[in-house]
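Overview (structure and organization)
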Amino acid sequence: MPAVTVENPLALPKVAASAGARSRPVLAVTTAPSGFEGEGFPVRRAFAGIDYKHLDPFIMMDQMGEVEYAPGEPKGTPWHPHRGFETVTYLLDGTFVHRDSHGGGGVIHDGDTQWMTAGSGLLHIEAPPESLVMSGGLFHGLQLWVNLPKSDKMMAPRYQDIGGGQVKLLTSADGGALLRLIAGDLDGHEGPGITHTPITMMHLTVNPGAQVTLPWRADFNGLAYALAGSGTAGDEGRPFHMGQTVVFGAGDALTIRADESQESRSPNFEVVLLGGLPIREPMRHYGPFVMNTHAELAQAFDDFQAGRLGTIPADAL
């Protein structure tokens with residue numbers, strides 16, 4: 001990590017909040033509990049314990065790894081259904097193969113993002129390629145779930161494959177932070193991700209001792225998750241470190257600062273910033289389905305059991 005970088009950040013477009021911007025205060029810092037997903041790969045549940053009113057339109061986010069697999073150890077997920085939301089898989093290290101019951105999917109590598117709109121529903125599998133299973137190696141990434149408004153929940157499924165080279169690269173005013181804008185608008189710069197729900201998603205690498213203050217839409221929420229290293233959030237300098245999530249309050253700018261001294265395994269402070277326009281609709285989430293009502297969840301399970309979300313391709317059985 002980081003998967004995508006540049007030798008000279010000072011050559012990139014610079015982004016900074018205006019002098020009169022209202023800095024967002026820190027409302028809370030939470031620590032992600034560890035667990036296992038799929039066939040047993042380790043995850044940190046980034047949003048555990050955070051009130052949904054601060055997350056909307058985001059539902060959950062898992063940090064997958066960072067783990068160094070021995071030969072034969074890499075794991076994925078079995079075939080499983082989704083309906084009613086989008087999954088965003090951002091891979092920092094390793095390789096992941098995605099496939100679905102509609103014939104979609106692809107392969108993502110270091111720095112790539114796969115954006116899957118489950119919509120009306122499909123069956124899906126994510127797994128390391130056979131070559132990685134045989135060799136072992138480093139695996140590290142994120143999976144974010146983004147809610148869809150009621151009007152889009154039953155839309156046709158869709159994929160976006162965003163190569164690492166497609167993300168919009170920016171820097172802070174003094175060049176002390178590298179910004180990888182995956183989706184959304186930041187000070188007039190557009191990320192490549194096409195979103196149904198207006199959001200901003202970016203990965204920051206902040207040099208030791210450096211600070212970045214970014215403009216942030218006042219109607220968006222604001223979240224920061226530390227992938228590696230340590231630093232502070234907000235003008236008040238609230239400490240947070242790897243595996244912790246910051247919930248920001250109201251305002252139109254947010255600040256992240258890296259500690260002067262970082263851990264040996266990560267020379268910089270690595271942070272994912274998220275913001276989104278709250279949907280403000282009822283949300284019911286159970287397992288792989290995210291709908292508006294309990295009745296819609298029950299219908300999703302019925303449709304899955306009846307095979308209406310698709311079938312596993314014969315060559316995958």
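Here the structure is shown first, and the text comes after it.
Now for a description of the structure that goes with this document. (Residues numbered from 1 in each chain as written. Predicted model: local features only at pLDDT ≥ 70, side-chain atom pairs only at ≥ 80, totals over all residues. Heavy atoms only, no water.)

So, on to the layout of surface pockets. Considered as a void within the structure, the largest pocket measures approximately 240 Å³ in volume. As for the largest pocket, its lining consists of 16 residues, of which Glu-37, Thr-77, His-80, Gln-143 and Trp-145 are closest to the centre. Counting residues per element, the ones that place at least two in the lining of the largest pocket are strand 3 (41-45), strand 4 (58-69), strand 5 (80-82) and strand 11 (137-147). In the lining of the largest pocket, the residues fall into seven nonpolar, five polar and four charged. Contributing to the lining of the second largest pocket are 16 residues, with Lys-53, His-54, Phe-220, Asn-221 and Pro-278 lying nearest its centre. The set of elements that each furnish at least two residues to the lining of the second largest pocket consists of helix 1 (52-55) and strand 22 (244-248). Residues of the lining of the second largest pocket, tallied by class, amount to seven nonpolar, four polar and five charged. (1 Å grid on protein atoms, 1.4 Å probe; cavity = no way out; pocket = protein on both sides within 12 Å on 5 of 7 lines; lining within 4 Å. Points joined across faces, edges and corners; volume = space filled by probe spheres on them. Helix = DSSP H or I, 4+ residues; strand = E, 2+ residues; numbered from the N terminus. Nonpolar A, V, L, I, M, F, W, Y, C, P; charged D, E, K, R; others polar.)

For the rest of this paragraph, the subject is the nonpolar core. In terms of nonpolar packing, the biggest core is built from 30 residues, with Phe-47, Phe-58, Met-61, Leu-144 and Leu-274 touching the most fellow members. Of all elements in the fold, only strand 4, strand 6 (85-93), strand 11, strand 14 (177-183), strand 17 (199-206), strand 19 (222-228) and strand 24 (269-276) reach the threshold of two or more residues within this core. Every residue in contact with Met-61, bar those within four places of it in the chain, is listed here: Arg-44, Arg-45, Ala-46, Phe-47, Leu-142, Gln-143, Leu-144, Tyr-225 and Leu-274. If you look at the next biggest cluster of nonpolar residues, it comprises 27 residues, including Leu-186, Leu-204, Ala-224 and Leu-273. (Core = buried A, V, L, I, M, F, W, Y, C linked by side-chain atoms within 4.5 Å. Buried < 20%, exposed > 50% of the residue type's maximum accessible area, 1.4 Å probe, protein only. Contact = heavy atoms within 4.5 Å.)

Moving on: the environment of Arg-45. In this structure, Arg-45 sits in strand 3. Residue classification places Arg-45 among the partly exposed residues on the basis of a relative accessible area of 26%. Expressed as a C-alpha distance, the spacing of Arg-45 and Lys-14, which sit 31 residues apart in the sequence, is 32 Å.

On inspection of all chains with the given rule, the structure shows nine salt bridges. A salt bridge links Glu-296 to Lys-150; the shortest N-O distance between them is 2.8 Å. In this pair, Glu-296 is assigned in helix 3 (residues 294-305) and Lys-150 in the loop between strand 11 and strand 12 (158-162), connecting sequence segments 146 residues apart. With a shortest N-O distance of 3.0 Å, Arg-265 and Glu-263 are connected by a salt bridge. Overlapping salt bridges bring together Glu-66, Glu-263 and Arg-265 as one network. (Salt bridge = Lys/Arg side-chain N within 4 Å of Asp/Glu carboxyl O.)

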